[in-house]
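# Examination of the molecular architecture
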Amino acid sequence: MTEDPFLTHRSLLFTVAYEMLGSAADAEDVLQESWLRWAGVEQTAVRDARAYLVRIVTRQALNRLRALSRSREDYVGEWLPEPLLTSPDVAEDVELAESVSIAMLTVLETLGPVERAVFVLREVFELPYGEIGEAVGRTAAAVRQIARRAREHVAARRPRVRVSRSEQQAVVDRFLAALRTGQLGELLELMAPDVVMVTDGGGVVAAAMTPFHGSAEVAAVLARAHRLVDTLETTAVWLNGAPAGRIDFDGEPSAVSLTVEHGRITRIHVVRNPHKLTRLRETAELAR
């Protein structure tokens, strides 16, 4: 017996849903809904199962994204994407690693649902405009225009510089070491003057309600962290295709993602909401 196409392409379908939603939990729900719809299809009549399944997942993700828009507006504090524990292999596909990075997913949050779907399907998965149009209910010409606007929007907000994994790892290691001991000078040296730090506690655990701006403020906050808890443990991990950090404050985990440009940290994303940290226990399978 041949394997069900849904299982064959499951990693791809999960990646599509996750990039559209920024949430692994919601992506899994979308896959469950998509599986039920796929099970009701006369599969022998489907010429291209991969394309058909991507359309199903895209439509379900769009429905979920629209439903989530209100709850995210009511979210307590800053909303950040759910981090995924990934293997270093993900970084081998540079385009995939960039597309699932916390920095990129945060930028994608500023797009409308259809714009986000079009951007993900075109720029990440390189689907033809006509195929995307079938998934989002637009003509190929309309999709082309939406894709152009989305590209311009993302280009104006995405990190400007790509760094090698060795450079990213070196900065992460120095950052975690400085954080453990509260080395203010080292933290200042690591950060760009206009660094921004965003923390997401979701109203469940302590986190700043608004971002911190500037190296002086961000470094001062981080340098105090080890004095506010009995134990502070740091671990270098791979999150969303890049070297990152896990920090345990008195046993409570946080995921820390750094954006590095020209050897300096320009953005720090700290996810503390425990509902978003369940994926730190198993490696996610991503594909495109």
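Definitions and cut-offs
- Residues numbered from 1 in each chain as written.
- Predicted model: local features only at pLDDT ≥ 70, side-chain atom pairs only at ≥ 80, totals over all residues.
- Heavy atoms only, no water.
- Pairing = 2+ DSSP bridges.
- Helix = DSSP H or I, 4+ residues; strand = E, 2+ residues; numbered from the N terminus.
- Contact = heavy atoms within 4.5 Å.
- Axes fitted to C-alpha atoms, helices over the stretch in contact; angles between N-to-C directions.
- Buried < 20%, exposed > 50% of the residue type's maximum accessible area, 1.4 Å probe, protein only.
- pLDDT = per-residue confidence, 0-100.
- Parallel < 35°, antiparallel > 145°, perpendicular 65-115°, else oblique.
- Nonpolar A, V, L, I, M, F, W, Y, C, P; charged D, E, K, R; others polar.
- 1 Å grid on protein atoms, 1.4 Å probe; cavity = no way out; pocket = protein on both sides within 12 Å on 5 of 7 lines; lining within 4 Å.
- Points joined across faces, edges and corners; volume = space filled by probe spheres on them.
- Core = buried A, V, L, I, M, F, W, Y, C linked by side-chain atoms within 4.5 Å.

On the basis of which strands lie adjacent, the open sheet formed by 6 strands has the order β2-β1-β6-β5-β4-β3 and mixed pairing. Strands with a single pairing partner mark the edges of an open sheet, and in this sheet they are β2 (212–213) and β3 (232–239). One ladder, built from 7 bridges, connects strand β5 (residues 252–261) with strand β6 (residues 264–271); its direction is antiparallel. Within the sheet, the bridge partner assigned to Leu258 lies in β6 and is Ile268. The strands touched by helix α12 (residues 215–224) within the sheet are β1 (191–200), β2 and β6, with β1 carrying the most contacts at an inclination of about 50°.

Moving on: the pairing of β6. The buried fraction of β6 amounts to 6 of the 8 residues, a majority that puts the element mostly inside the structure. The turn linking β5 back onto β6 is made up of 2 residues, and His262 within it adopts a positive phi angle of 55°.

All right, on to the confidence of the model for the protein chain then. Residues with a pLDDT of 70 or more make up 99% of the protein chain, whose mean pLDDT is 94. Per-element mean pLDDT across the protein chain ranges from 91 in helix α4 (residues 49–73) up to 98 in β2.

As a further point, take the packing of helix α7 (residues 113–124) against helix α9 (residues 140–155). Between α7 and α9, the least distance of the axes is 9 Å, while the angle of their chain directions is 90°. Compared by their axis directions, α7 and α9 come out roughly perpendicular. Where α7 abuts α9, its residues Val114, Glu115, Val118, Phe119 and Glu123 lie against Val143, Ile146, Ala147, Arg149, Ala150, Arg151 and Val154. Taken together, the residues of the contact of α7 with α9 sort by class into 8 nonpolar, no polar and 4 charged.

This next bit is on the layout of surface pockets. Taken as a whole, the largest pocket spans an internal volume of roughly 590 Å³. Around the largest pocket sit 28 residues that line it, and Glu98, Ser101, Val163, Gln168 and Ala242 are the ones nearest its centre. When residues of the lining of the largest pocket are traced back to their parent elements, those giving at least two are α5 (94–99), α6 (102–108), α10 (165–181), β3, β4 (242–249) and β5. For the lining of the largest pocket, the leading source of residues is β5, giving 4 residues. Its residues placed into classes, the lining of the largest pocket shows 16 nonpolar, 7 polar and 5 charged.

Judged by nonpolar contacts, the single largest core of 54 residues is most densely connected at Phe14, Leu108, Val118 and Val136. For this core, the element with the highest residue contribution is α4, accounting for 9 residues. Non-local contacts of Phe14, meaning those with residues more than four positions away in its chain, are made with Ala24, Ala27, Glu28, Leu31, Leu84, Arg279, Glu285 and Leu286. Membership of the second largest hydrophobic core comes to 27 residues, among which are Met197, Phe212, Val218 and Phe249.

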